[in-house]
Each structure stands twice: as structure tokens, then as C-alpha cells.
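A structural walkthrough
Here is how the chains run, residue by residue.
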Amino acid sequence: MKITLDNTGKKYNKEWIFKGMNLNILSPSSYVISGSNGSGKSTLLKVLSGFETPSKGVISYENENPISVEKIHKYVAYTSPYISVFEEYTVKELISFYTKLKPLKNNIAHSEFIEIVELKNTKEKAIKHFSSGMKQRVKLGLAILSDTPILLLDEPTSNLDSNAILWYQNLIQKNLENRITFVASNNQKDESFFCEREIKIEDYK
């Protein structure tokens, strides 16, 4: 997989969130996007995901052949503490819905997924009754275990306690192979400990 940003920028109203970004990114690689609160880290993730279009410049994708922006969502797993899931569903129901849109690695069975996210005692409970940390486990599990070459994580350790952070670190380390991974982080080393490169968002203001 290859992602190319050519003089790419994004602005809201008349304010540039970032601009003049030139990057050639090849898999496997992992990047932390660093910056202060409100600096534009999440916006960059949304542009990388294809959910938002650049205001200037070009972003392109290639996986043996060029991939259109309209189809890039098939190649991307993206999660954020600000993204909600269908909370009326149980975990099993959510997995069934999610995997119709995006398969999990190695065709992980529903029961195995529930064990991996360590929520087997809650499999019949609606997600709306979960704690914020349990919801975050589900979202991280779906993203990290998705069979996609691009993985985007926005503040992945939000709402996680110390044991859950260790769980996240173990899971991410096992699922980096042949991927481009981006982590948007507020200087939380627990989140981005595995990242080889850094994009400082303030460098593109």
C-alpha cells in the first residue's frame, strides 16, 4: 500500500488546519501524529481516511493499482473515542453487522473476537450498558482486527485503565504487519510506543 500527499492542506472557513504537507508513505510503516489539543490531528486522520477531502493539493492511494477516494473506505479501519457504535446491539450483533461491511483478519469467529476483547461475560448485554472503557475495547478490537492495509487510531487509550492499556499494546503489536498505521496522540507514549516516525502537525501550519 502507498499513500501520497502532494502539497495537501485542509481548512475550515478561512483557517488552515494544516497545509503544504508532502509525504510518501509505504507499508509497513507506523506514524504518530502529534500536536496540542485542537491542533488538527483528528482532521488529518479524517483526510487520510477519505472521509474528508483536502482543501488544497492531492492525496492518492495505491495498492498495486491506484485506488479512487470513493473506494478507499474499503481499505481503511478507523476508530476514535468520538465515533459511536450501535449501542442497542450486543457485541455479537455488532460484529455481525460490521463484518458484512468489512471482514476481520483470518475470518476471526464472533466468539473468538469476544474473547480477544475480554468481554465474554457481557456478550448478551446491550452495548449501551457498557462502561466507556468497555466500549473503547470493542471499537479498538473492530479496527485493529479488521483486514485492512490502513489503520487509523485517534487517541486509542482514551477511557482505558492501566490493564486495558496493556491489552491494547499487546493487540496492536500483533497486528501491524503489512500495514500503514497512524496514531493521533496528545503525547501519550502508551498510545504510540510502536510508531517509527512522527508527523508534527504544527510543522504544517
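Here we summarise the structure given alongside this text. (Residues numbered from 1 in each chain as written. Predicted model: local features only at pLDDT ≥ 70, side-chain atom pairs only at ≥ 80, totals over all residues. Heavy atoms only, no water.)

**Re helix H2 (residues 91–101)**
Of the positions making up H2, those classed as buried are Val91, Leu94, Ile95 and Tyr98. For H2, the angular spread of buried residues about the axis comes to 100 degrees, placing them on one side. In this structure, the buried residues of H2 make contact with helix H3 (110–116) and helix H4 (132–144). (Buried < 20%, exposed > 50% of the residue type's maximum accessible area, 1.4 Å probe, protein only. Helix = DSSP H or I, 4+ residues; strand = E, 2+ residues; numbered from the N terminus. Arc of directions from axis to C-beta. Contact = heavy atoms within 4.5 Å.)

**Overview of the environment of Ala164**
Following the sequence through the fold, Ala164 ends up in helix H5 (residues 162–173). You can call Ala164 buried: its relative accessible area is 4%. Sequence separation between Ala164 and Met134 is 30 residues; the distance between their C-alpha atoms is 9.0 Å.

**Comments concerning a nonpolar patch on the surface**
Taken together, Phe86, Phe97 and Leu101 make up a surface patch of nonpolar side chains, about 310 Å² in accessible area. Here Phe86 shows up in the loop between strand S6 (76–79) and H2. (Patch = residues over 30% accessible without salt bridge, like charges linked within 9 Å, V, L, I, M, F, W, Y side chains within 5 Å. Areas by Shrake-Rupley, 256 points an atom, 1.4 Å probe, with all protein chains shown as cover. Salt bridge = Lys/Arg side-chain N within 4 Å of Asp/Glu carboxyl O.)

**Focus on the pairing of strand S4 (residues 56–63)**
Residues in a regular strand point their side chains to alternate faces of the sheet. Here strand S1 (residues 2–12) pairs with S4 via six bridges, running antiparallel. Each bridged residue has a counterpart across the sheet, and for Ile3 the counterpart in S4 is Tyr61. The pairing of S4 with strand S5 (residues 65–67) spans three bridges and is classified as antiparallel. Paired with Asn63 across the two strands is Asn65, which belongs to S5. Linking two consecutive strands that pair antiparallel, namely S4 and S5, is a turn of one residue; a positive phi of about 75 degrees is found at Glu64 within it. (Pairing = 2+ DSSP bridges.)

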